[in-house]
Protein chains: 2
Amino acid sequence: MKSVLTPLDFLARSAWVYRDRVAVVDGERRFTYAELNERVHRQASALRAIGVQPGDRVAVLAPNSAAALEAHFGVPMAGAVLVMLNTRLQAAELAWILNHCEARVVIADPQLAPALPQAVHVISDYEGWLATGEFPARGMPEPEEDGFIAINYTSGTTGVPKGVMYTHRGAYLNALGEVVEHGLNSSSVYLWTLPMFHCNGWCFPWAVTAAGARHVCLRQVDPQRMVELIRAEGVTHLCGAPVVVSTLTQYCAAQGIRFESGLKIVTAGAPPPPAVIRAAEEMGASLAHAYGLTETYGPHTICAWHPEWDALPAAERAQLRARQGVAYTVAGTDLRVVDGEMRDVPADGQTMGEVVMRGNNVMLGYYKNPQATEEAFRGGWFHSGDLAVMHADGYIEVRDRKKDIVISGGENISSIEVEKVLAEHPAVLEAAVVAAPDEKWGEVPKAYIGLKPGQTATAEELIEFCRARLAHFKCPKQVEFGVLPRTVTGKVRKNELRGRG
Amino acid sequence: MKSVLTPLDFLARSAWVYRDRVAVVDGERRFTYAELNERVHRQASALRAIGVQPGDRVAVLAPNSAAALEAHFGVPMAGAVLVMLNTRLQAAELAWILNHCEARVVIADPQLAPALPQAVHVISDYEGWLATGEFPARGMPEPEEDGFIAINYTSGTTGVPKGVMYTHRGAYLNALGEVVEHGLNSSSVYLWTLPMFHCNGWCFPWAVTAAGARHVCLRQVDPQRMVELIRAEGVTHLCGAPVVVSTLTQYCAAQGIRFESGLKIVTAGAPPPPAVIRAAEEMGASLAHAYGLTETYGPHTICAWHPEWDALPAAERAQLRARQGVAYTVAGTDLRVVDGEMRDVPADGQTMGEVVMRGNNVMLGYYKNPQATEEAFRGGWFHSGDLAVMHADGYIEVRDRKKDIVISGGENISSIEVEKVLAEHPAVLEAAVVAAPDEKWGEVPKAYIGLKPGQTATAEELIEFCRARLAHFKCPKQVEFGVLPRTVTGKVRKNELRGRG
């Protein structure tokens, strides 16, 4: 027999099995799974009551909160499509997205609502509105497996945002994928450091619910509050970019804090530097390294850890951990590193190629953008735009964004490789390397450096540091100091750095 | 994007990610995942070479071994349908099944091959034949998600066997279901105490492979050998009926053996008696209780454990653990207990109804038996034939097979309820209760009792023991002592006991 794969089933089951267990902690409020389910039904029926039809887009502008979590179930229960909005966007950016997706309604946090365009139907008294819904919700449409559950707009570092379309099937399988890779179960407690508007929180709203685990909301990344919640709630899992991890490790190192609860951190967005891996271990946490894009429902690969590697020296472990690894179990073998003719690059750890993926954990396409969809899927695989090498053991290591590579005298230089060396310098907090024009070499690497508070270093010193560790042609020819510009999702704006010349 | 859900992907991925890790231990032989994959390719191509076409049935008559495991991947890779044969069947029963499924070929253990009909194409020199295959296999058909991967013949306690059809999708999802419920990962080591011919080993050939874990073959249940393997290989998981568990616990109790490796045992087929649960805990193992049928790919429910229950007294914990519980995460909420009109029984822990299931973890149907299929799926749900109650917390507890219920003076008596009480008597090893005809009451319960070695008890004593613990109408009116007759899959042959009058 077949039944539809939809993450709505995860909530229905946990509301049955774990009805009296705490599902959500949001500040002072705590909801059991039965209560979460009831609130979701009310949301879905209240959406229908204000005219939302199956297929309509419903946007949410909210920090990590019960409302945002509930929308991951209530919106699809009503048959609608969820559009999580990045809370750091400016009014004009929000207006562009709302116009593009033709959102029927926006559920908005009252503090954030003023950034929304006037023409939009905004629900800002969420609790009052929710109370108008009914439980159980009646007359909800049957979900369709290949139906469309969410659109996630990529922030992008250039160009207009693209709306990445997710399906019920993809969300279901990727959520199970997170359960499998990270061993979520009903004893797990998940801290919401990762924004839910980021690839639907890597599908963790659905994954944590599938496991019957506890969601602990966190409205902004504040290390003191994180520590309080980790201790008070017995947090076992959290996700975030390396910068989130280092925010926590630095605070814990300064305060002498060590967790005994077996905290697991999933990091993605950039490879965790060895120093961050060490600091996490010292804090009592283990680090898993995942990699993916909005187009792959968040993580598509995991640096699957071999138990044997535990015995290796720290430096070697850090090197292995910095690799993006292999496809998730649910993604099978749908991951390759290919040259311009879609041939696999040799597994030599040196030859760079583009990372391509396909399968259930790759988006349906870009909303109302068939041209970009076709371009992204040329050859039947999704083109990530990331350049990687394939190691001899089958693990990939991302070396650069395709557009961030530095080509100097005909040699490809991975900006990430140079950044990793710079980050090992004791005075360096963060480093970004971009191509600078050069008459002789075409391009040369230029480094932008943020120093740790109270530390100093000269350009010459950093260049020498690199020359002792890298082929000389890879070393920065110029170094500039200052705070690095970042996108709203925390990525360094390399195009802005390149623009500085 | 969509890709086909098939367990073949699990092997392809583990052969990539865990290429050099041990996949299979079979006696003195150890194969890595790369080697397992190579052998599977050779099997698939060798099958094609002898004329096996997509859709053909390929049968296997073998103990738990590398060959049997490989057939779970090699047969579907060749596009064929796997028919695992129960090694305890008689020649006539095997002949009936092979004739019914029209097996093109049988891969047979040399010791078991003589039981096969002469007309059948038998491969008994497995290793020699395997060497004729090629790696990588070429020209294999693309698997289809809804395509048919296996037929499992039910032994049944009455009537002719029925061929239960599994699909690639169902096998994939149920295997992931086992990974999720039992927390399998690449550090797991699985001991093959459960026969692979029993519902395809509850999908564990696929599940253990998906996790990149280690299969440890066991050709027959021998407690001394089990202990040796658990210690030598660091076994973390095994499955079996309560009788398998008690075989192990009795041996360990007698030898003073306690495991320190965190052994998890999944038991199904009958509720684990409190004594077995206690004995497992004393042995250092934790017990998970699952329930299902051949028609549900093995387990469909799990007694999902609430961490809070750990604090309860042993007797209460045993009572909770004896319940069959709730649907697997991948089965969602597709589990009900219904009356004859398909209405849910009240969740009062008392009203019996039939357990019905549906969804991805329910078979496609009975092979070449549309009438039985239609009958089983009446009302759109699969009818298990098991009678259960629904507890107030949403957990089911199976009380009887529909045909094993005793109806005495208009009262329904659960034979299992009476058996559970009898099993608590210190002299009782095993108990079976069936209906005996009675002029006054229509039927009365009659108990068949196997005593523990060296123990004695009288019929009167056991009846009194029951009367002190049960409503008097539920207590056996007659007691007979002796060894209980069992089917090849270990179920008590109650129809035979009833036949004795």
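Residues numbered from 1 in each chain as written. Chains lettered and ligands numbered in written order. Predicted model: local features only at pLDDT ≥ 70, side-chain atom pairs only at ≥ 80, totals over all residues.

Q: Hey, could you run me through the overall build of chain A in this one?
A: Of the regular secondary structure elements, chain A holds 16 helices and 25 strands. Taken against the 2.2 N^0.38 rule, which gives 23 Å for 501 residues, the C-alpha radius of gyration of chain A at 23 Å falls within 12% of a compact globule. Within chain A, the proportion of its 501 residues that are buried is 54%. Pairs at least 24 apart in sequence give 68% of the contacts found in chain A among residues at least 6 apart. (Helix = DSSP H or I, 4+ residues; strand = E, 2+ residues; numbered from the N terminus. Rg over C-alpha atoms; globule rule 2.2 N^0.38 Å. Buried ≥ 20, exposed ≤ 12 C-beta atoms within 10 Å, placed from the backbone. Contact = placed C-beta atoms within 7 Å.)

Q: Explanation requested: the relation of the copies chain A and chain B in the structure shown.
A: The relation between the two copies of this chain is a rotation about an axis and a shift parallel to it. With an RMSD of 0.0 Å, the fit of chain A onto chain B corresponds to turning through 180° and sliding 0.0 Å along the axis. Such a combination of rotation and displacement between the chain copies is what one expects of a two-fold axis. Both copies contact each other with a shared surface, as 100% of the interface residues of chain A are interface residues in chain B too. (Least-squares fit on C-alpha atoms with pLDDT ≥ 70 in both.)

Q: What's the story with the pairing of strand 12 (residues 263-267) of chain B in this structure? I'm lost.
A: In the case of a regular strand, side chains alternate between the two sheet surfaces. Residues and elements named next belong to chain B. Among the 5 residues of strand 12, 5 are classified as buried, and the element is accordingly described as predominantly covered. The alternating pattern of strand 12 places Leu263, Ile265 and Thr267 and Lys264 and Val266 on opposite faces, both of which are buried. As paired strands, strand 11 (residues 237-240) and strand 12 are joined by 4 bridges and run parallel to one another. What sits directly across from Cys239, in strand 12, is Val266. (Pairing = 2+ DSSP bridges.)

Q: Explanation requested: the packing of helix 10 (residues 242-255) of chain A against helix 11 (residues 274-282) of chain A in the structure shown.
A: The description of two helices packed together rests on the angle between their axes and the distance between the axes. Residue and element names in this part refer to chain A. Taken N-terminus to C-terminus, the directions of helix 10 and helix 11 make an angle of 50°; their axes are 9 Å apart at the nearest point. With respect to their mutual orientation, helix 10 and helix 11 come out oblique. Taken as a pair, helix 10 and helix 11 cross one another with a handedness that is left-handed. Between helix 10 and helix 11, the residues in contact are Pro242, Val245, Ser246, Thr249 and Ala253 and Val276, Ala279, Ala280 and Glu282, respectively. (Axes fitted to C-alpha atoms, helices over the stretch in contact; angles between N-to-C directions. Parallel < 35°, antiparallel > 145°, perpendicular 65-115°, else oblique. Left-handed = near helix turned anticlockwise from the far one by under 90°.)

Q: Mind showing me how you'd approach helix 1 (residues 8-17) of chain B here?
A: Residues that lie three or four places apart on an α-helix share one face, since the helix turns once every 3.6 residues. Burial analysis of helix 1 of chain B places 9 of its 10 residues in the buried class, which makes it a mostly covered element. Within helix 1 of chain B, burial applies to Leu8, Asp9, Phe10, Leu11, Arg13, Ser14, Ala15, Trp16 and Val17 of chain B. Taken together, the buried residues of helix 1 of chain B touch strand 15 (326-327) of chain A together with helix 2 (33-49), helix 3 (66-77), helix 6 (168-182) and helix 8 (204-210) of chain B.

Q: Please explain unusual backbone geometry as it appears in this structure.
A: The bulk of non-glycine residues show a negative phi, and the bulk of peptide bonds are trans. A cis geometry characterises the amide bond from Phe135 of chain A onward to Pro136 of chain A, with omega recorded as -5°. Tracing the backbone through its elements, the reader meets Pro136 of chain A in the loop between helix 5 (126-130) and strand 7 (148-153). Unusually for a residue other than glycine, Cys199 of chain A sits at a positive phi of about 50°. Positive phi values are uncommon outside glycine, yet Met342 of chain B reaches one of about 65°. Tracing the backbone shows Met342 of chain B in the loop between strand 16 (335-338) and strand 17 (353-357). The exposure class assigned to Met342 of chain B is partly exposed, which follows from the 15 C-beta atoms found within 10 Å.

Q: Looking at this model, I keep getting lost on the sheet that holds strand 18 (residues 365-366) of chain B. Mind explaining?
A: Two strands in a sheet stick together by hydrogen bonds in their backbones, pointing the same way (parallel) or opposite ways (antiparallel). All names here are of chain B. One open sheet accounts for 7 strands, arranged 6-5-3-4-7-8-18; its pairing is mixed. The sheet is open, and its two borders are formed by strand 6 (122-123) and strand 18, each paired with just one other strand. Relative to strand 5 (residues 105-108), strand 3 (residues 57-61) is paired through 4 bridges, and the arrangement is parallel. Paired with Ala59 across the bridge in strand 5 is Val106. The strands touched by helix 4 (residues 91-101) within the sheet are strand 3, strand 4 (81-84), strand 5, strand 7 (148-153) and strand 8 (163-167), with strand 3 carrying the most contacts at an inclination of about 160°.

Q: Explain the pairing of strand 11 of chain B here, please?
A: Residues and elements named next belong to chain B. Judged by which residues are buried, strand 11 turns out to be covered on both faces: His237 and Cys239 on one side and Leu238 and Gly240 on the other are all buried. With 2 bridges connecting them, strand 9 (residues 189-191) and strand 11 associate as parallel partners. From the neighbouring strand, Leu191 faces strand 11, where its bridge partner is Leu238. This β-α-β element, strand 11 to helix 10 (residues 242-255) to strand 12, shows right-handed connectivity. (Right-handed = clockwise from strand over helix to strand, strands pointing away.)

Q: How should I be thinking about the domain arrangement of chain A in this particular structure?
A: Interfaces are frequently sized by the accessible area removed from exposure as the parts join. One can read the domain layout of chain A as domain 1 (6-16 + 26-169) and domain 2 (405-501). Computed over C-alpha atoms only, the centres of domain 1 of chain A and domain 2 of chain A are separated by 41 Å. (Domains from an automatic or database assignment.)

Q: When you look at the interface of chain A and chain B in this model, what are you seeing that I'm missing?
A: Listed by partner, the interface residues are 32 residues for chain A and 32 residues for chain B. When residues of the side of chain A that touches chain B are traced back to their parent elements, those giving at least two are helix 1 (8-17), helix 6 (168-182) and strand 15 of chain A. If one sorts the elements of the side of chain A that touches chain B by residue count, helix 1 of chain A sits on top with 5 residues. In the side of chain A that touches chain B, the residues fall into 13 nonpolar, 12 polar and 7 charged. (Nonpolar A, V, L, I, M, F, W, Y, C, P; charged D, E, K, R; others polar.)

Q: Mind showing me how you'd approach the confidence of the model for chain A here?
A: Regions with low pLDDT carry predicted coordinates that are not meant to be interpreted in detail. Per-residue pLDDT for chain A averages 94, and the proportion of residues at 70 or more is 99%. With pTM at 0.91, the complex prediction returns an ipTM value of 0.90. (pLDDT = per-residue confidence, 0-100.)

Q: I would appreciate a short explanation of the sheet that holds strand 20 (residues 396-401) of chain A in the present structure.
A: Residue and element names in this part refer to chain A. Ordered in space as 16-17-19-20, the 4 strands form an open sheet in which the pairing is antiparallel. Since the sheet does not close on itself, it has two edges, and those belong to strand 16 (335-338) and strand 20, each with one partner. Going from strand to strand, the sheet's axes swing by 45° on average, the running direction of each strand aside. Across 4 bridges, strand 17 (residues 353-357) lies against strand 19 (residues 382-390) in antiparallel orientation. By the bridge assignment for strand 19, Val356 is matched with His383.

Q: Sorry if this is basic, but what is going on with helix 11 (residues 274-282) of chain B here?
A: Residues and elements named next belong to chain B. Residues Val276, Ile277, Ala279 and Ala280 constitute the buried set of helix 11. Mapping the buried residues of helix 11 onto a view down its axis gives an arc of 165°, with all of them on the same face. Once helix 11 finishes, Gly284 follows within two positions and takes phi at roughly 90°, a positive value. (Arc of directions from axis to C-beta.)

Q: What is the right way to read the environment of Pro161 of chain B from this model?
A: In this fold, Pro161 of chain B is placed in the loop between strand 7 and strand 8. Each C-alpha atom, one on Pro161 of chain B and one on Glu93 of chain B, is 8.8 Å from the other, the two residues being 68 residues apart in sequence.

Q: Sorry if this is basic, but what is going on with the environment of Asp222 of chain A here?
A: Residue and element names in this part refer to chain A. Along the chain, Asp222 falls in the loop between strand 10 (214-216) and helix 9 (223-233). Note on Asp222: 14 C-beta atoms within 10 Å, which makes it partly exposed. Measuring from C-alpha to C-alpha, the distance between Asp222 and Thr247 comes to 8.2 Å, with 25 residues separating the pair along the chain.

Q: Mind showing me how you'd approach the environment of Glu295 of chain B here?
A: Here Glu295 of chain B is to be found in the loop between strand 13 (285-293) and strand 14 (298-302). Once the C-alpha coordinates of Glu295 of chain B and Ala376 of chain B are considered, the two residues, 81 residues apart in sequence, prove to be 9.8 Å apart.

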